[in-house]
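Here is what each chain is made of, one letter per residue.
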Amino acid sequence: MKTRYFKKIFASALMVTAILGTSSCINDLDISPIDPQYAPSFDQNDVFVKEYALLGLTGQKGPAGSADLDGQDEGESGFYRTIFNCNELPSDECIWAWQTDTDIPQLTNISWNSSSIRTEWTYVRLGYNITQLNFFLDQTEGKDDEETMRQRSEVRFLRALHYFYFLDLFGKAPFKEHFNNELPVEKKGSDLYDYIQNELSQCESAMYEPRQAPFGRADKAANWLLRARLYLNAEVYTGKADYANARDYADKVINSSYKLCPEYRLLFMADNDENAQAMQEIILPIRQDGIKTRNYGGSTYLVNGTRTAGMPRMGTTNGWSCIFSRAALVKKFFPDLSQVPMLPGDIEVPAAGEINTDEKIDAFDAQYGTRTIDMIKAAGDDRAMFYSGIGGGIRKIETDVISGFKDGLSIVKWQNIRSDGQPTHHTEYPDTDIPLMRLSEAYLTRAEAKFRLGEDATEDINILRRRANCTRLVQTVTEKEIIDEWAREFYLEGRRRSDLIRFDMFTSNKYLWDWKGGAATGTSVSSFYNVYPIPASDMNNNPNMSQNTGY
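For clarity, every value in this text was computed on a predicted model and none was experimentally measured.

Enquirer: Account for the overall build of the protein, with residues named and values stated.
Expert: From N to C terminus, the protein includes 20 helices and 10 strands. At 22 Å, the protein has a C-alpha radius of gyration in line with the 24 Å of a compact globule built from 551 residues. The principal-axis extent of the C-alpha atoms belonging to the protein is close to 70 × 50 × 45 Å. Put simply, the protein has 551 residues, and 63% of those count as buried. The contacts of the protein with a sequence gap of at least 6 include a subset with a gap of at least 24, amounting to 69%. Split by element, the accessible area of the protein, about 19,200 Å² in all, is 47% carbon and sulfur.

Below, the structure is given as structure tokens:
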């Protein structure tokens with residue numbers, strides 16, 4: 001099955017898409033092809049910038065038409081979208097509205113198998129990107145000028161990041177460090193964990209000091225935060241906990257020059273790469289631009305996917321009507337769902353002409369307190385960025401049948417709207433950068449690590465709650481408070497499954513949510529679903545790989 005693109009990933013004759021521009025300008029994305037096997041020259045800066053662009057682009061021209069990966073859906077197979085789908089769609093945070101789409105029920109219900117195409121896309125994308133990173137490192141081997149050493153350290157960091165996602169999602173990786181025709185070998189568990197840890201240690205010294213790198217490039221704080229993330233999950237990956245290192249590396253990030261953004265919403269707006277308050281928290285963004293990086297796998301997915309026609313302040317002319325909130329996520333802000341601001345059940349729906357502008361929708365919603373600002377006020381938390389008003393149709397909080405976009409509240413956290421009121425670059429494709437790493441993660445990592453070590457974690461949680469103008473500060477830290485706080489702070493940011501697994505909540509009956517295991521009220525599933533299967537295609541093409549237990 002689809003052996004063409006597996007062979008393409010792991011053979012040497014691969015097409016590298018070079019992003020033309022200087023190494024410090026990650027968002028200057030003019031695109032031209034370079035074949036590493038046959039190109040007459042290697043332009044180091046061009047290929048270096050491409051290594052970062054791999055996080056946010058899906059092919060050689062946007063938004064589609066010349067995909068990186070042969071034989072795949074280009075829009076579905078980008079780095080962020082594939083990881084997001086694997087970590088969010090099976091979790092307690094959101095549901096994909098269209099359950100007839102290929103492999104969507106399997107993600108919703110946690111029932112995939114080794115032939116599932118969406119897990120295969122993730123595996124292939126990670127492998128493809130690592131191939132490109134290996135190419136750059138091979139081409140620059142032996143060069144010792146300061147700029148090359150720094151570039152190499154950042155590319156090694158990016159490769160470690162990709163191997164981290166292999167470890168987290170699959171428990172193992174098809175492992176290679178060089179660009180050649182040899183098949184990858186299997187590296188798993190403690191061996192892969194140790195490799196990632198050692199790579200991060202070795203590449204740290206040549207990286208920029210915190211906040212000294214051009215925005216969009218990784219610095220030492222990104223390195224420390226990835227190490228903190230690795231150590232926080234050490235028990236899952238290796239069977240041996242390392243909360244002390246998780247605490248200590250989170251502490252290094254917190255004590256660096258990064259600062260929390262004073263307003264939560266600014267982190268997810270279209271000018272989060274220009275607004276100094278947002279930038280001071282964002283440690284590593286995936287750069288996005290409505291003109292230069294048009295694709296269906298980055299922030300377009302996050303903004304357009306959570307909107308439907310008729311919603312106020314959509315930020316795009318193309319709402320996909322795809323991603324909505326599970327009731328379990330709403331409960332993180334409203335433990336009693338009867339307190340959620342909703343339209344009355346017997347409301348008379350106005351004619352389309354009466355609600356055809358943002359102002360008219362706002363005026364209608366204000367009567368019932370269903371605007372997002374009303375939702376935030378009712379929750380007593382700025383992070384409760386849901387919409388339950390009339391725009392786009394009447395919504396439910398929860399459903400006994402998944403039939404469409406209005407079966408749950410709309411999530412409006414991701415915005416293609418600028419905080420300064422100026423127009424965005426494009427009316428359909430967002431400018432919003434994706435904060436792949438931000439300072440808040442260090443605070444919650446330190447809080448959880450302290451809790452596990454028997455230390456006081458209240459202040460690290462309350463710092464984030466005060467930033468969110470939360471009306472309830474934590475007095476006593478419990479396991480439930482911490483796992484719920486991870487959701488409140490980071491929902492729809494592509495990490496939830498990993499957090500749930502760490503708390504033994506993803507597959508077990510310790511915590512049930514709507515549609516977990518395919519049941520409306522939730523049910524447990526087998527523990528082997530804590531990792532994804534090695535795709536059948538790779539099992540058929542690489543004898544070095546073994547299948548994960550249960551598949």
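Enquirer: Quick one: what's the story with the pattern of salt bridges, residue by residue and with numbers?
Expert: In this structure the tally under the stated criterion is 54 salt bridges. Between R229 and E441 there is a salt bridge, with the nearest N and O atoms lying 2.8 Å from each other. Of the two residues, R229 is situated in helix α8 (residues 220–232) and E441 in helix α16 (residues 439–452); the sequence distance between them amounts to 212 residues. Of the two residues, R229 and E441, neither departs from the other in class, the shared state being buried. With its nearest N and O atoms 3.1 Å apart, the salt bridge here joins E479 to K510.

Enquirer: Tell me what's going on with the environment of S338, and back it up with residues and numbers.
Expert: Structurally, the position occupied by S338 is in the loop between α13 (327–331) and α14 (358–366). Separated by 130 residues in the primary sequence, S338 and Y208 have C-alpha atoms spaced 50 Å apart. Here the side chain of S338 touches D336 through a polar contact of 2.6 Å, side chain to side chain. Of note is the side chain of S338, whose polar atom sits 3.4 Å from the side chain of Q339.

Enquirer: How would you explain the nonpolar core if you had to name every residue and give the values?
Expert: Formed by 151 residues in total, the largest nonpolar core has its most connected members in F157 and I196. With 12 residues, helix α6 (residues 146–170) is the largest single contributor of residues to this core. Contacts of F157, omitting those with residues within four sequence positions, involve L200, C203, M207, A218, A222, N223, L226, L284 and M437.

Enquirer: Could you give an account of the packing of aromatic side chains, naming the residues involved and the relevant values?
Expert: Under the defined criterion, the tally for this structure stands at 38 aromatic pairs. Between F175 and Y195, the aromatic rings sit 4.7 Å apart at their centres with planes inclined by 80°, giving edge-to-face as the arrangement. Here the residue F175 occupies a position in strand β4 (residues 172–175), and Y195 occupies one in helix α7 (residues 189–203), the gap between them amounting to 20 residues. The class for F175 is buried, based on a relative accessible area of 10%. Given the relative accessible area of 11%, Y195 is considered buried. Among the aromatic side chains, those forming a connected cluster through ring pairs are W112, Y123, Y163, F166, F170, F175, Y195, F528, Y529, Y532 and Y551.

Enquirer: So what's going on with unusual backbone geometry? Residues and values would help.
Expert: The backbone phi angle of D103 is positive, close to 65°, even though this residue is not glycine. Its location among the elements puts D103 in the loop between β3 (94–96) and α4 (104–109). Of the residues examined, D103 reaches a relative accessible area of 12% and is grouped as buried. In this structure, L492 is a non-glycine residue whose phi angle is positive, near 60°. Structurally, L492 can be placed in the loop between α18 (479–490) and α19 (496–502). A residue is classified by how much of its surface remains accessible, and L492, at 1% relative accessible area, is buried.

Enquirer: Please set out the pairing of strand β6 (residues 282–286) residue by residue, giving values where relevant.
Expert: Burial of β6 is extensive: 5 of the 5 residues sit out of reach of the surface. Sheet topology note: the β6/strand β10 (residues 434–438) ladder contains 4 bridges and is antiparallel. If you follow I286 over to β10, its bridge partner there is I434.

Enquirer: Kindly report on α18, identifying the contributing residues and their values.
Expert: A rise of 1.5 Å per residue sets the reference length of α18, with its 12 residues, at 16 Å; its end C-alpha atoms lie 17 Å apart and thus fit the reference within 8%. A large share of α18 lies buried, amounting to 10 of its 12 residues. Of all the residues in α18, the buried ones are E481, I482, I483, D484, E485, W486, A487, R488, E489 and F490. With its phi angle positive at about 60°, L492 sits one or two positions after the end of α18.

Enquirer: I'd like a description of the state of the cysteines, backed by residues and values.
Expert: Throughout the structure, instances matching the rule amount to 0 disulfides. The thiol of C322 is unpaired, and the distance to the nearest cysteine sulfur, on C94, comes to 11 Å.

Enquirer: Can you explain the packing of α6 against α8? Please cite residues and give values.
Expert: The N-to-C vectors of α6 and α8 enclose an angle of 20°; their axes lie 11 Å apart at closest approach. Considering the angle they form, α6 stands roughly parallel to α8. Along this stretch, α6 crosses α8, giving a crossing that reads as left-handed. Contacts between α6 and α8 pair F157, A160, L161, F164, Y165 and L167 from the former with A222, N223, L226, R229 and L230 from the latter. Of the residues belonging to the contact of α6 with α8, the class tally is 9 nonpolar, 1 polar and 1 charged.

Calculation notes
- Residues numbered from 1 in each chain as written.
- Predicted model: local features only at pLDDT ≥ 70, side-chain atom pairs only at ≥ 80, totals over all residues.
- Heavy atoms only, no water.
- Helix = DSSP H or I, 4+ residues; strand = E, 2+ residues; numbered from the N terminus.
- Rg over C-alpha atoms; globule rule 2.2 N^0.38 Å.
- Buried < 20%, exposed > 50% of the residue type's maximum accessible area, 1.4 Å probe, protein only.
- Contact = heavy atoms within 4.5 Å.
- Areas by Shrake-Rupley, 256 points an atom, 1.4 Å probe, with all protein chains shown as cover.
- Salt bridge = Lys/Arg side-chain N within 4 Å of Asp/Glu carboxyl O.
- Polar contact = N/O pair within 3.5 Å; in protein donor to acceptor, adjacent residues only side chain to side chain.
- Core = buried A, V, L, I, M, F, W, Y, C linked by side-chain atoms within 4.5 Å.
- Phe/Tyr/Trp six-rings, centres within 6.5 Å; stacked < 30°, edge-to-face > 60°.
- Pairing = 2+ DSSP bridges.
- Expected span 1.5 Å × (residues − 1).
- Disulfide = S-S within 2.5 Å.
- Axes fitted to C-alpha atoms, helices over the stretch in contact; angles between N-to-C directions.
- Parallel < 35°, antiparallel > 145°, perpendicular 65-115°, else oblique.
- Left-handed = near helix turned anticlockwise from the far one by under 90°.
- Nonpolar A, V, L, I, M, F, W, Y, C, P; charged D, E, K, R; others polar.

By themselves, these observations are geometric and do not establish any function.
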